[in-house]
Amino acid sequence: GAGVSQSPSNKVTEKGKDVELRCDPISGHTALYWYRQSLGQGLEFLIYFQGNSAPDKSGLPSDRFSAERTGGSVSTLTIQRTQQEDSAVYLCASSVRQDQPQHFGDGTRLSIL
Amino acid sequence: AQSVAQPEDQVNVAEGNPLTVKCTYSVSGNPYLFWYVQYPNRGLQFLLKYITGDNLVKGSYGFEAEFNKSQTSFHLKKPSALVSDSALYFCAVRDGKAAGNKLTFGGGTRVLVKP
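Novice: Could you give an account of the nonpolar core, with specific residues and numbers?
Specialist: Of all hydrophobic cores here, the largest spans 27 residues; its most connected members are Leu19(B), Trp35(B), Leu47(B), Leu48(B), Phe74(B), Leu76(B) and Tyr89(B). Those elements giving two or more residues to this core turn out to be strand 2 (10-14), strand 3 (19-21), strand 5 (31-38), strand 6 (44-50), strand 8 (64-68), strand 9 (73-78), strand 10 (87-95) and strand 12 (109-114) of chain B. Ranked by residue count, the leading element in this core is strand 10 of chain B, at 4 residues. The next biggest cluster of nonpolar side chains, apart from the first, holds 20 residues, and it includes Leu32(A), Leu77(A), Ala88(A) and Cys92(A).

Quick look at the structure:
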């Protein structure tokens, strides 16, 4: 079956531009997570969606970051007014329930010039 | 609060030798523990988990891990390493009593298996 799909796989943009990163979770998975992986910072939790509950946004680093999940499936992570420190690999994961292992996509490598 | 420590940035081992990747954790409630592996330019792949039950957990690709509550450790092991096991390994924990499923990851350990 299909795994977690992320697009684009690579994104290069200029400082100050907005970017949107997309995640298609595994069908039937109710929980969806975004993480950021950067050199020197390891893997950082960003945001978590579970069904129709209010998302856990506790990991978002600033108000330039936002995410939504439409129809309980596809999610979009938006970064406004990008900065060079936003350069990282953004990973999406989903799980069938919140107590089950998370399955990761291959990530979007974001480079801010 | 929850945290994970992987004390070794890199582990080198000869093919056929035993492989151990260390992990210690800290949670206020019950630990749910996970190991993931990451190959270059790929996402993380789930290897195994400990939620409850037997302290020795067996997972994918011949890997196993032992939960040790007194030492708050969850070391990953493989009896005979393969060159193809060379990758980046992450230990992760979540507090089983906390709402949500936010994982906290260790900094990762790079494993290099030499022929």
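Novice: Account for the interface of chain A and chain B, naming residues and giving values.
Specialist: At the junction of the two partners, chain A supplies 20 residues and chain B supplies 17 residues. Counting the surface lost from both chain A and chain B, the interface buries some 1600 Å², and carbon and sulfur atoms represent 53% of this. Summed over the shared surface of chain A and chain B, the number is 1 salt bridge. The salt bridge partner of Arg42(B) is Asp106(A), with a shortest N-O separation of 3.0 Å.

Novice: Give me the pairing of strand 5 (residues 42-50) of chain A: which residues, what numbers.
Specialist: Each regular strand shows side chains that alternate between the opposite faces of the sheet. Residues and elements named next belong to chain A. Taking burial as the measure, the 9 residues of strand 5 include 8 buried ones, the bulk of the element. Where strand 4 (residues 31-38) and strand 5 come together, 8 bridges link them in antiparallel fashion. Paired with arginine 36 across the bridge in strand 5 is glutamate 44.

Novice: Please set out the sheet that holds strand 1 (residues 5-7) of chain A residue by residue, giving values where relevant.
Specialist: All names here are of chain A. If you trace the 4 strands from one edge of the open sheet to the other, you get 1-3-7-6, paired in antiparallel fashion. Of all the strands in the sheet, just strand 1 and strand 6 (65-69) have a single pairing partner and so form its edges. Strand-to-strand twist across the sheet, computed as the mean angle between neighbouring axes with direction ignored, equals 15 degrees. Pairing analysis gives 3 bridges linking strand 1 to strand 3 (residues 19-24), with the strands arranged antiparallel.

Scoring rules and cut-offs
- Residues numbered from 1 in each chain as written.
- Chains lettered and ligands numbered in written order.
- Predicted model: local features only at pLDDT ≥ 70, side-chain atom pairs only at ≥ 80, totals over all residues.
- Heavy atoms only, no water.
- Core = buried A, V, L, I, M, F, W, Y, C linked by side-chain atoms within 4.5 Å.
- Buried < 20%, exposed > 50% of the residue type's maximum accessible area, 1.4 Å probe, protein only.
- Helix = DSSP H or I, 4+ residues; strand = E, 2+ residues; numbered from the N terminus.
- Contact = heavy atoms within 4.5 Å.
- Buried area = accessible area lost by both parts, 1.4 Å probe.
- Salt bridge = Lys/Arg side-chain N within 4 Å of Asp/Glu carboxyl O.
- Pairing = 2+ DSSP bridges.
- Axes fitted to C-alpha atoms, helices over the stretch in contact; angles between N-to-C directions.

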